[in-house]
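# Remarks on the overall topology
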Amino acid sequence: MGTAQRRSAPEDGAAVRSTVRQQQPQYRPLWVEEPAKRYRMPDPVRTAAVRAVIIVAVTLMLGMVAFLCTMAESWLAFPMVISSVASTVVATWSAVDVLVTRQVWNQRNGVVSEPSSTARTLRRERRAARRQERATTREQERIRRQGGQAGQLTHP
């Protein structure tokens, strides 16, 4: 509270406390949760992507060290260049692995956006077969239960 506010404020403490409360900013959360615009990647694809990012990061570091060793004319330049080339091959392979893993996952588990998905048709067929099997089992159980009572009268 400034000096001008103290002079104009009444001597009552409640009025002073209410003006202080009004001056304090309202509580605001640090961030607001928003729904995800894209679905989360499947676990195998995410694992392959993380592995690829780590390999690419190591490859970039090896390349930088090879460049600096070459500029410094160090004896480590040749081994670092060779390891950078090998690491580049591995990084390319890991990037291809992400694409292949994603494609395999989509083919096995179906793509939600495509109504003619093969995997969805296979799941539907499996569900129908399981449903038929359960119905057959229930029917056999019912017959078995009634079979033990076949010689008995319905009303004793």
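Positions within a chain are numbered from 1, following the residues in the order the chain's sequence is written. Only residues with pLDDT of at least 70 are given local features in this predicted model, and only at 80 or more are side-chain atom pairs given and counted; all residues enter the totals for whole chains, interfaces and linings. Only hydrogens and water are set aside when side-chain values are computed; all heavy atoms of the structure are taken into account.

## Quick word on the overall build of the protein chain
We count a stretch as a helix when DSSP gives it H or I for four or more residues in a row; a strand needs E for two or more, and each element gets its number in order from the N terminus. Broken down by element type, the protein chain carries 5 helices and 0 strands. Ordered by position from the N terminus, the helices and strands of the protein chain form the series α-α-α-α-α. The rule is simple: take the accessible area with a 1.4 Å probe, protein chains only, and divide by the maximum for that residue type; under 20% is buried, over 50% is exposed, in between is partly exposed. When the 156 residues of the protein chain are sorted by exposure, 12% land in the buried category. Working rule for contacts: check all heavy atoms of both residues, and any pair within 4.5 Å makes them a contact. Residue pairs in contact within the protein chain that sit at least 24 positions apart in sequence constitute 44% of those at least 6 positions apart.

## Quick notes on the UniProt feature "transmembrane region" (unreviewed entry) in the protein chain
In the numbering adopted here, UniProt assigns the feature "transmembrane region" (unreviewed entry) to residues 48–68 and 74–100. With 100% helix and 0% strand, residues 48–68 has its two end C-alpha atoms placed 30 Å apart. Structurally, residues 74–100 is divided into 89% helix and 0% strand, and its ends, taken at the C-alpha atoms, are 40 Å apart. UniProt positions are given in the numbering used here, feature names are shortened, and annotations may be inferred rather than shown by experiment.

## What about the pattern of salt bridges?
Whenever Lys or Arg places a side-chain nitrogen within 4 Å of a carboxyl oxygen from Asp or Glu, that contact is recorded as a salt bridge. One pass over the full model with this rule turns up 5 salt bridges. The salt bridge partner of Arg51 is Asp97, with a shortest N-O separation of 3.1 Å. Within this pair, whereas Arg51 is found in helix H3 (residues 43–71), its partner Asp97 is found in helix H4 (residues 77–109), the two being separated by 46 residues in sequence. A relative accessible area of 40% means that Arg51 is categorised as partly exposed. Given the relative accessible area of 25%, Asp97 is considered partly exposed. When the shortest N-O distance is used, the salt bridge between Glu139 and Arg142 registers 2.2 Å. Here Arg142 and Glu139 lie together in helix H5 (residues 118–147), a separation of 3 residues that amounts to about one turn. Residue classification places Glu139 among the partly exposed positions, given a relative accessible area of 36%. Through salt bridges with shared partners, a single ionic network connects Arg40, Asp43 and Arg46.

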